[in-house]
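The primary structure of each chain is shown beneath.
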Amino acid sequence: MKQYIKRYAKNFDYPLFFVYIALTLFGLVMIYSASMAWSVNYYGDDPDRFYIQQLINLSLAFPVFAVAALFPYKHFSKKWMLMTILAVIFLGLVLVHFIGYAAGGAQSWINLGFANIQPSEVAKVGIIFYLSGVFANKYKNGNINKLNESVAPPVIILTLVLLSVFLEPDLRSMMIIGAVGLAVMAASGIQFKFFARLAAIVVGASAIFILPIMIFASDMIFTEKRLGRLDAFFNPFSDELGFGLQIVNGYLAIGSGGLSGLGLGQSIQKLGYLPEPHTDFIMSVIAEELGVFGVLFVLGGLAFIVLRGLSIAMTTKDPLARMLATGVSSMIGIQAFVNLGGMTGLIPLTGVTLPFISYGGTSVILLSLAMGVLMNVSMFHRFEKSKK
């Protein structure tokens, strides 16, 4: 046991750990700053409502990270683990259609009594573990490029997950899950021509189910809120008190911050002008209060995690480690891009949280789980390098 702990400490990825801790604690501080006025004015509650709740979320997230970092990642290729992951994913995705409640235009949440959980977030992380384990086994058995024999089942699973999330309808999560799933497949060692076929099959199969729903149940998909967000993307100032409100006030917050910001706690836009400033638009408050330096701190931390994961993926010889590292890092990178792209008007606003920074229990706990797995992969990679 002593030797195991010594080896664990020797190969522990301290830079990755400290960046993860720094981002989550920084996010906690900014959630408190961004949510004080909103908590009092909108909910009539104490100013530290969301801060306390996020503190509770982190008290659960940190142990989850520790357990995942200690849990050998090679178990993700075992059959019992793959079946467990699938059961958890589909149990949540099925139940949300029957006992879920709507938030943000989609029936995507389940109230467990003691907590609320978003099954699509579980699926986002779970699909990384499942696809990595399945394709690692296919690679090991030498049939990774046998489309009909080997690859069809996981592709069907991914398509079913995308369809279920679409029916909530949670289009933003569907797109992120699809992109992350394809990233894992691309890192599986499959030949490019087979990967192109796989991508075409996933897109085509999803379209076969989705297009009829979009045609015959367009009111469910193209809601007034979604169409309004699309209009706001092209010209937010045409409806700056309606659907363009968040983007316009986000611009004002970013522009007011300048290089060094107005000072921590001094944001004007969070005082009722910027809706839900502690969630997907928290970066606007960071830019207003801490300026370019605060923004660079967050972007630098997220970029470090993504590049660290991709570096591990490119240098490890273990296909399972490669796919897990690719999946986790691509998920964080894609989600950060979607959040910041929506905030700055590069892409239509989708309501995706900023990893580790935005308020949210399901998000930070599952991201911590993914980070723990990445830490375990990194430690194994460092151990293998030290043996050579």
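Scroll up for the structure.
Residues numbered from 1 in each chain as written. Predicted model: local features only at pLDDT ≥ 70, side-chain atom pairs only at ≥ 80, totals over all residues. Heavy atoms only, no water.

1. Notes on the overall build of the protein chain
A count of helical and extended segments in the protein chain gives 14 helices and three strands. Burial statistics for the protein chain: of 388 residues in total, 50% are counted as buried. When contacts within the protein chain are restricted to residue pairs at least 6 apart in sequence, long-range pairs at least 24 apart make up 73% of them. Accessible area for the protein chain stands at about 17500 Å²; split by element, carbon and sulfur atoms hold 68% of it. (Helix = DSSP H or I, 4+ residues; strand = E, 2+ residues; numbered from the N terminus. Buried < 20%, exposed > 50% of the residue type's maximum accessible area, 1.4 Å probe, protein only. Contact = heavy atoms within 4.5 Å. Areas by Shrake-Rupley, 256 points an atom, 1.4 Å probe, with all protein chains shown as cover.)

2. A few points about the packing of helix H5 (residues 119-141) against helix H7 (residues 171-186)
The interhelical angle for the contact between H5 and H7, taken along N-to-C directions, is 15°, at an axis separation of 10 Å. Considering their axes alone, H5 and H7 lie roughly parallel with respect to each other. Relative to H7, H5 is oriented so that their crossing is right-handed. Two secondary-structure elements touch here, H5 through Ser120, Glu121, Ala123, Lys124, Ile127, Ile128, Leu131, Ser132 and Phe135 and H7 through Ser173, Ile176, Ile177, Val180, Gly181, Val184 and Met185. When its residues are assigned to classes, the contact of H5 with H7 shows 10 nonpolar, four polar and two charged. (Axes fitted to C-alpha atoms, helices over the stretch in contact; angles between N-to-C directions. Parallel < 35°, antiparallel > 145°, perpendicular 65-115°, else oblique. Left-handed = near helix turned anticlockwise from the far one by under 90°. Nonpolar A, V, L, I, M, F, W, Y, C, P; charged D, E, K, R; others polar.)

3. Section: the pattern of salt bridges
Tallied over the entire structure, the rule returns six salt bridges. Of the charged contacts in the structure, one is a salt bridge between Lys124 and Glu121, with a shortest N-O distance of 2.9 Å. Of this pair, Lys124 and Glu121 both sit in helix H5, separated by three residues, roughly a single helical turn. Accessibility assignment for this pair places Lys124 and Glu121 in one class, buried. Measuring nitrogen to oxygen at the nearest pair gives 3.8 Å for the salt bridge that ties Arg172 to Asp170. (Salt bridge = Lys/Arg side-chain N within 4 Å of Asp/Glu carboxyl O.)

4. Here's the deal with a nonpolar patch on the surface
On the surface, Leu91, Val94, Leu95, Phe98 and Ile99 cluster together into a nonpolar patch covering about 510 Å² of accessible area. Locating Val94 in the fold gives a position in helix H4 (residues 79-99). (Patch = residues over 30% accessible without salt bridge, like charges linked within 9 Å, V, L, I, M, F, W, Y side chains within 5 Å.)

5. Digging into unusual backbone geometry
The phi dihedral of Glu276 is positive, around 45°, even though this residue is not glycine. With respect to the helices and strands, Glu276 occurs in the loop between helix H11 (245-257) and helix H12 (282-315). You can call Glu276 partly exposed: its relative accessible area is 25%. Positioned with a positive phi, Phe356 is a non-glycine residue whose angle comes to about 70°. Structurally, Phe356 is set in the loop between helix H13 (319-344) and helix H14 (361-387).

Function cannot be inferred from these measures alone, as they are strictly geometric.
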